[in-house]
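Below, each chain spelled out in residue letters.
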Amino acid sequence: MKNNLILYQEAVALLSQLIETPSFSREEKHTSGIIEDFLIERACVVERSGNNVWAFASPFDHKKPTVWLNSHHDTVKPNSGYTIDPFHPLIQENKLFGLGSNDAGASLVCLLSTFVHFAERDLPFNLVMIASAEEEISGKDGIASIISQLPPCDLAIVGEPTGMAVAVAEKGLLVIDAKTFGKAGHAAREEGENAIYLALDDLQKIKSFEFSRVSEFLGKSKVSATVIHAGQQHNVVPDVCEFVLDVRVTDAYSLEEAFEELKDQLSAELKPRSMRLQSSRLPKGHFGWKLIENLKLKTYGSPTLSDQALIPYPSIKIGPGDSARSHTANEFIYLNEIQEGINGYIQLLDAYSDLLNTKI
């Protein structure tokens, strides 16, 4: 069993290698190869589908509960504010700079190091490591494409930058295309029915709209009008006005329920683009709450999306780094955060082992 210093050193080296290798969403072929090689070199049996890579810590035992460790290896594209090379891992002032270092490279390498640490032990649970693709775009060829190839899990630990606090709830996302229909006419005459004015009635309602249910951890669900389009030329009353609603849905609602509540209030034709990105919450009474209590971990509700939205099993989100650094210029992770990440993940799984062994 490797000590934590070696795990940390290997994690920093792996993260540096991943930073050097561009891995934009849908273009993660090379980083998936790096992760695959990392696991194979440590005697892990690896499986791969597309750019998703996973491995089991030991032969699967259907009699044991299952834990997933999951984080993603795709990144957004670097923004124009970078003053350093985003693909050059730079260590300076206890920081490792580079694209994807914080979101979510640090979480990924800490989970991989944790997985390697436990792969050498006889565990009272099955442990599965999943490095997923396309998380930044919630792509269909990411984790959603391999769910059916994986065993159901009793808890998924999703690595994202949370400062090692535990996100026990996460907002879902519902995008709605809306249309109002009027009647075309000449703008110089009193004719036609202006679809823009019809849309304004709904937009006024949206501006002040409040969902009836409130989440304990996430507060209120929120709807925002973000795009609008109508008309082709200045002298024609538009007969169609199209607008887009961005709805951030708390765990108090399923996406379907939130859609129906909005639909009851608006006159426009509403069509959801997808019902994939559901909100989530660790269920009351789940053993995860006991782990959180035993380790005295801070909990909160997360407004940002992750692969939690696509995992149909109980999950928590926890990892080193700060969400406020994600997608920013000159992205970085503190080196001590990587150490804390590995230690924190190991403590979490040790606590689960202790809990199961106590029950036996």
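See above for the structure.
First, a word on what this report is: a plain description of the structure on this page. (Residues numbered from 1 in each chain as written. Predicted model: local features only at pLDDT ≥ 70, side-chain atom pairs only at ≥ 80, totals over all residues. Heavy atoms only, no water.)

Broken down by element type, the protein chain carries 7 helices and 20 strands. Residues classed as buried in the protein chain amount to 53% of the 360 residues present. For the protein chain, the share of sequence-separated contacts (at least 6 apart) that also reach a separation of at least 24 residues comes to 79%. Total accessible area on the protein chain is roughly 16,500 Å²; 50% of this is exposed by carbon and sulfur atoms. Side-chain charges in the protein chain split into 33 positive and 48 negative, and the spacing between the mean points of these groups amounts to 4 Å. (Helix = DSSP H or I, 4+ residues; strand = E, 2+ residues; numbered from the N terminus. Buried < 20%, exposed > 50% of the residue type's maximum accessible area, 1.4 Å probe, protein only. Contact = heavy atoms within 4.5 Å. Areas by Shrake-Rupley, 256 points an atom, 1.4 Å probe, with all protein chains shown as cover. Lys, Arg positive; Asp, Glu negative; His and termini not counted. Charge placed at Lys NZ, Arg CZ, Asp CG, Glu CD.)

Secondary-structure assignment places D307 in the loop between β18 (299-302) and β19 (315-317). Buried within the structure, D307 lacks any salt-bridge partner; R276 is the closest side chain of opposite charge, at an N-O distance of 7.5 Å. A polar atom in the side chain of D307 sits 2.8 Å from the side chain of S132. (Salt bridge = Lys/Arg side-chain N within 4 Å of Asp/Glu carboxyl O. Polar contact = N/O pair within 3.5 Å; in protein donor to acceptor, adjacent residues only side chain to side chain.)

The contact between helix α2 (residues 29-40) and helix α3 (residues 101-119) brings their axes to 11 Å, and the two run at 20°. Between α2 and α3, the angle falls in the class roughly parallel. Where α2 crosses over α3, the handedness of that crossing is right-handed. Residues I35, F38 and L39 of α2 lie in contact with α3, whose contacting residues are L108, L112, F115 and V116. Here the residues of the contact of α2 with α3 sort into 7 nonpolar, no polar and no charged. (Axes fitted to C-alpha atoms, helices over the stretch in contact; angles between N-to-C directions. Parallel < 35°, antiparallel > 145°, perpendicular 65-115°, else oblique. Left-handed = near helix turned anticlockwise from the far one by under 90°. Nonpolar A, V, L, I, M, F, W, Y, C, P; charged D, E, K, R; others polar.)

By the criterion of burial, strand β8 (residues 166-170) is predominantly enclosed, with 5 of the 5 residues buried. Strand direction decides the pairing type here: β8 and β18, joined by 4 bridges, are parallel. Residue pairing across strands places E170 opposite S302, the latter belonging to β18. (Pairing = 2+ DSSP bridges.)

Taken in spatial order, the 4 strands line up as β13-β15-β9-β16 in an open sheet, and their pairing is antiparallel. Two strands bound the open sheet, and with one partner strand each, they are β13 (222-230) and β16 (269-272). When strand polarity is set aside, the average angle formed by the axes of neighbouring strands in this sheet is 25°. Both strand β9 (residues 172-181) and strand β15 (residues 240-249) contribute to a ladder of 10 bridges, which runs antiparallel. Residue pairing for β15: L173 is matched across the bridge by R248.

Below, the discussion takes up the packing of helix α6 (residues 287-295) against helix α7 (residues 335-359). At a closest axis distance of 10 Å, the pairing of α6 and α7 adopts a crossing angle of 115°. Handedness of the crossing formed by α6 with α7: right-handed. Along its contact with α6, which presents F287, K290, L291 and L295, the element α7 presents Q347, L348, A351, Y352 and L355. Broken down by class, the residue content of the contact of α6 with α7 amounts to 7 nonpolar, 1 polar and 1 charged.

What follows covers the pairing of strand β2 (residues 52-56). In terms of residue burial, β2 counts as a mostly covered element, since 4 of its 5 residues are buried. Pairing analysis gives 4 bridges linking strand β1 (residues 46-49) to β2, with the strands arranged antiparallel. Across the sheet, R48 pairs through a bridge with V53, a residue of β2. The antiparallel hairpin formed by β1 and β2 contains 2 residues in its connecting segment, where G50 sits at a positive phi of about 60°.

Core analysis: the biggest nonpolar cluster contains 57 residues, and L39, L69, F115, L127, I157 and I338 have the highest contact counts within it. At 11 residues, the largest contribution of residues to this core is made by α7. In this structure, I338 is in contact with Y8, A11, V12, L15, A106, C110 and I333, ignoring residues within four places of it in sequence. (Core = buried A, V, L, I, M, F, W, Y, C linked by side-chain atoms within 4.5 Å.)

So, on to helix α1 (residues 4-19). With 16 residues, α1 ought to run about 22 Å at 1.5 Å a step, and its terminal C-alpha atoms sit 22 Å apart, in line with that. On its buried side, α1 packs onto α2, β4 (90-92), β5 (95-97), α3, β20 (332-334) and α7. Residue N3 occupies the N-cap position of α1, its side-chain oxygen lying 3.1 Å from the main-chain nitrogen of L5. (Expected span 1.5 Å × (residues − 1).)

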